[in-house]
Amino acid sequence: MRRMDDSDPPGSPPDRTFAALDRAYTQGVETAAGNEVVEFSLAMARHAVRIRVMGRTLADTIIRTWAHLRVPNAEAGAPTLTLDFLDAARAGPRPQVTATRLGEVSPDGRYLSIQRWQSITAFDRSAGRMITHVPDGSRVSQQERGRPLFEALGVWLQDRGVLPVHAGLVAHGGRGLLCGGPGGSGKSSTCLRCLEAGFDFLGEDTVGLEPTPEGFRGYSVFGSVQLAPDALARFPRLAEARDPIDPGEEKHMVMLTDLFSSTMRHDVMIDAIILPRVTGVPSPTLRPASAGAALRRLAPSTLMRRHDVQAGLDRLGALTRSVPALWLELGGEPERVPEFLASLAP
């Protein structure tokens, strides 16, 4: 995200974008039939989130990646964040506002706006409300189905003291295992093999990280996975459940919430950091890793997404100093990975 100033090219200031989308949402709701506005609640990072969707088709799409975080509306409590979605196919064309893929932030930092594929989102950080305008709720892009509001939610989480981390997170016996590494390291495959073996699952690409008096807590953010064809071929059950791939996409998306609802978890305390790497060993092997090695694995891809790099680096440094880190060397017998990680449970 970048702040707008006088040197910026012409565009819609984020505060005006928010106001325009607010008017469009209000008008859409006023003209909609009673059954067209769908409301549900989530518990995300231990905060109540209210979601209101103008358009039932769009609502059915939006809820899939967050189904494991859903709670009854009556039990949710006062929302910290409200997410309003508007299906333009039912409510009329979007106001004439623009944003960039990287996002725009108002000079005072209160408002931000961002364009993601077909949709545009405006976020009032002070009010705790996001409004997203989708051109057609029946044709939502793959990225927006799997990880809706990715950038804006990252800002909201940081405002709540939760750092979005590029890592996977599974748990066994109540012990959270944070899996970090770059693309191709085996991070996603490790988490998915654990999921299929009955581990609790919180994510394989993006999770939240928060310091607490008891240690670091990890949070689930999305319930989807995107895999390249060669990786997906190793998981036949996931391959059968994959969504149709969008034109131009190289990875297939699978909604894990459709398959593993009983083992999808909201949050867990982190007890160890696992650093997968492919070394060609005959069977999975665990070896001690230094805090510095763990930080080098977690920091680069996490911090490139964040607007406050130093705070994120400090958070990751504190995590890597507080829990043990282990290299998970991969090669033969990949199906035994869950067995080796389960041995870490007390």
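Residues numbered from 1 in each chain as written. Predicted model: local features only at pLDDT ≥ 70, side-chain atom pairs only at ≥ 80, totals over all residues. Heavy atoms only, no water.

Draft legend 1. Molecular detail of the overall build of the chain. Secondary structure assignment for the chain yields 11 helices and 20 strands. Taken over 346 residues, the chain has a buried fraction of 55%. Pairs at least 24 residues apart make up 72% of the contacts formed inside the chain by residues separated by at least 6 positions. With 39 positive and 40 negative side-chain charges, the chain shows a spacing of 3 Å between the two charge centroids. (Helix = DSSP H or I, 4+ residues; strand = E, 2+ residues; numbered from the N terminus. Buried < 20%, exposed > 50% of the residue type's maximum accessible area, 1.4 Å probe, protein only. Contact = heavy atoms within 4.5 Å. Lys, Arg positive; Asp, Glu negative; His and termini not counted. Charge placed at Lys NZ, Arg CZ, Asp CG, Glu CD.)

Draft legend 2. Region of interest: the side chain of Thr206. Tracing the sequence through the fold places Thr206 in strand 14 (residues 206–212). Residue classification places Thr206 among the buried positions, given a relative accessible area of 7%. Looking at Thr206, its side chain comes within polar contact range of the side chain of Asp205, at 2.9 Å. (Polar contact = N/O pair within 3.5 Å; in protein donor to acceptor, adjacent residues only side chain to side chain.)

Draft legend 3. The arrangement of the packing of aromatic side chains in detail. Following the criterion strictly, the structure yields three aromatic pairs and no others. Both rings, one in Phe18 and one in Tyr111, keep their centres 5.7 Å apart while their planes meet at 50°; by these two values the pair is tilted. Highlighted residues: Phe18 in helix 1 (residues 14–31) and Tyr111 in strand 7 (residues 111–116), separated in sequence by 93 residues. Judged on exposure class, the residue Phe18 and its partner Tyr111 are both buried. (Phe/Tyr/Trp six-rings, centres within 6.5 Å; stacked < 30°, edge-to-face > 60°.)

Draft legend 4. Structural view of helix 9 (residues 291–303). Taking 1.5 Å per residue as the helical rise, helix 9 with its 13 residues ought to reach 18 Å, and the 17 Å between its terminal C-alpha atoms agrees with that figure. Every buried residue belonging to helix 9 is among Ala293, Ala294, Arg297, Leu298, Ala299, Ser301, Thr302 and Leu303, and all of these are buried. The inward-facing, buried residues of helix 9 contact strand 10 (163–166), strand 12 (175–179), strand 18 (267–281), helix 10 (309–322) and strand 20 (325–331). (Expected span 1.5 Å × (residues − 1).)

Draft legend 5. Representation of the packing of helix 9 against helix 10 within the structure. Two numbers describe how helix 9 lies on helix 10: the axes approach to 9 Å, and their chain directions differ by 150°. Looking at the two axes, helix 9 sits roughly antiparallel to helix 10. When you trace helix 9 past helix 10, the crossing you get is right-handed. Between helix 9, through Ala291, Ala294, Leu295, Leu298, Ala299, Thr302 and Leu303, and helix 10, the contact on the second element is made entirely by Val309, Gly312, Leu313, Leu316, Gly317, Leu319, Thr320 and Arg321. Split into classes, the residues belonging to the contact of helix 9 with helix 10 amount to 10 nonpolar, four polar and one charged. (Axes fitted to C-alpha atoms, helices over the stretch in contact; angles between N-to-C directions. Parallel < 35°, antiparallel > 145°, perpendicular 65-115°, else oblique. Left-handed = near helix turned anticlockwise from the far one by under 90°. Nonpolar A, V, L, I, M, F, W, Y, C, P; charged D, E, K, R; others polar.)

Draft legend 6. The pairing of strand 20, seen in detail. With six of seven residues buried, strand 20 lies mostly within the body of the structure. In terms of strand pairing, strand 18 meets strand 20 through seven bridges, oriented parallel. Across the sheet, Val281 pairs through a bridge with Gly331, a residue of strand 20. Where strand 19 (residues 285–289) meets strand 20, five bridges bridge the pair, whose relative direction is antiparallel. Bridge pairing links Ala289 to Ala325 in strand 20. (Pairing = 2+ DSSP bridges.)

Draft legend 7. Region of interest: the side chain of Ser106. When you line up the elements, Ser106 lands in the loop between strand 6 (104–105) and strand 7. On the basis of relative accessible area, Ser106 is assigned to the buried category, the value being 4%. A distance of 3.3 Å separates a polar atom in the side chain of Ser106 from the backbone nitrogen of Arg110.

Draft legend 8. Examining the pattern of salt bridges more closely. Inspection of every chain in the model, using the stated rule, returns 18 salt bridges. A salt bridge links Asp22 to Arg129; the shortest N-O distance between them is 2.8 Å. You can see Asp22 sitting in helix 1 and its partner Arg129 sitting in strand 9 (residues 129–134), a full 107 residues away along the chain. You can call Arg129 buried: its relative accessible area is 16%. Among the ionic contacts, a cluster of salt bridges with common partners joins Arg64, Arg145, Asp243, Asp246 and Asp258. (Salt bridge = Lys/Arg side-chain N within 4 Å of Asp/Glu carboxyl O.)

Draft legend 9. Looking closely at helix 5 (residues 150–159). In terms of residue burial, helix 5 counts as a mostly covered element, since nine of its 10 residues are buried. Considered for burial, the residues of helix 5 that qualify are Phe150, Glu151, Ala152, Leu153, Gly154, Val155, Trp156, Leu157 and Gln158. Count one or two residues on from helix 5 and you reach Gly161, which has phi positive near 85°.

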